[in-house]
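# Structural characterization, general
Each chain, letter by letter, is given below.
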Amino acid sequence: EIAGGEPFEDAVSVKLPVTIPDSMEKPYFLMGDAAHPVNLWRWQSGTVERPEAVTLANGAGIEKIDGRDAAAAGLSAKGVYKDGTWRVVMRRALQTGDGSTDIQFAQGRFIPIAFALWDGSNGETGTKHTLSTWYWLLLEPPMGVGPLVAALVVVVLLGGGEVWWARGAGNKKSDGEA
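Residues numbered from 1 in each chain as written. Predicted model: local features only at pLDDT ≥ 70, side-chain atom pairs only at ≥ 80, totals over all residues. Heavy atoms only, no water.

In this section: the nonpolar core. In terms of nonpolar packing, the biggest core is built from 15 residues, with Leu16, Trp41 and Met90 touching the most fellow members. Within the residue set of this core, elements represented by two or more residues are strand S1 (11-17), strand S2 (38-44) and strand S7 (110-118). Here Trp41 is in contact with Val12, Ser13, Val14, Leu16, Thr55, Leu56, Leu75, Met90, Arg92 and Phe105, once residues within four sequence places are set aside. (Core = buried A, V, L, I, M, F, W, Y, C linked by side-chain atoms within 4.5 Å. Buried < 20%, exposed > 50% of the residue type's maximum accessible area, 1.4 Å probe, protein only. Helix = DSSP H or I, 4+ residues; strand = E, 2+ residues; numbered from the N terminus. Contact = heavy atoms within 4.5 Å.)

Bringing the pattern of salt bridges into the picture now. In total, this model carries five salt bridges according to the counting rule given. Across the pair Glu52 and Lys78 runs a salt bridge, and its minimum N-O distance is 3.1 Å. You can see Glu52 sitting in the loop between S2 and strand S3 (53-59) and its partner Lys78 sitting in strand S5 (residues 76-82), a full 26 residues away along the chain. The exposure class assigned to Glu52 is partly exposed, which follows from its relative accessible area of 25%. Between Arg68 and Asp102 there is a salt bridge, with the nearest N and O atoms lying 2.7 Å from each other. Separated by 34 residues along the polypeptide, Arg68 in strand S4 (residues 65-68) and Asp102 in the loop between strand S6 (85-91) and S7 bring together distant segments of the chain. In this structure Arg68 comes out as partly exposed when scored by relative accessible area, which is 26%. Looking at Asp102, the relative accessible area reads 3%, which means it is buried. (Salt bridge = Lys/Arg side-chain N within 4 Å of Asp/Glu carboxyl O.)

Structure (structure tokens):
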């Protein structure tokens, strides 16, 4: 149900540190700080006049937010609205050419991540929105072939053991008949 007044765009923002911290220290939750800048990925649902859009910025505090070209950084997003719920997917390569302004995702490391949501039909716009605390994102390293090889060795050993057992049981039956 839409709240009174003019509805605004729905939006979602993802906040990530520019560099993955080596400790448990996370950036300041409101747009980072000078010592711990953040990447801000933001998707907006669009309006009748304007299509959906994705933007990219770097934040080093509330007063220091520098917009960047999302397409040049390889950031894209697509949202789908169905049954009263938005599903938004943001995409970017794990590694980019610019490690000084973009997070370089690393598998097997905990990465701080936070979210902000704007429900336009509820009158949320600007600083009026829902803000999460920091969570931890862990990109699991690829499994590789080790577990597959180990499973194959176990299957071969079990199969060989069963054949050996079956032959031994067959030989005992033949000895008893003689």
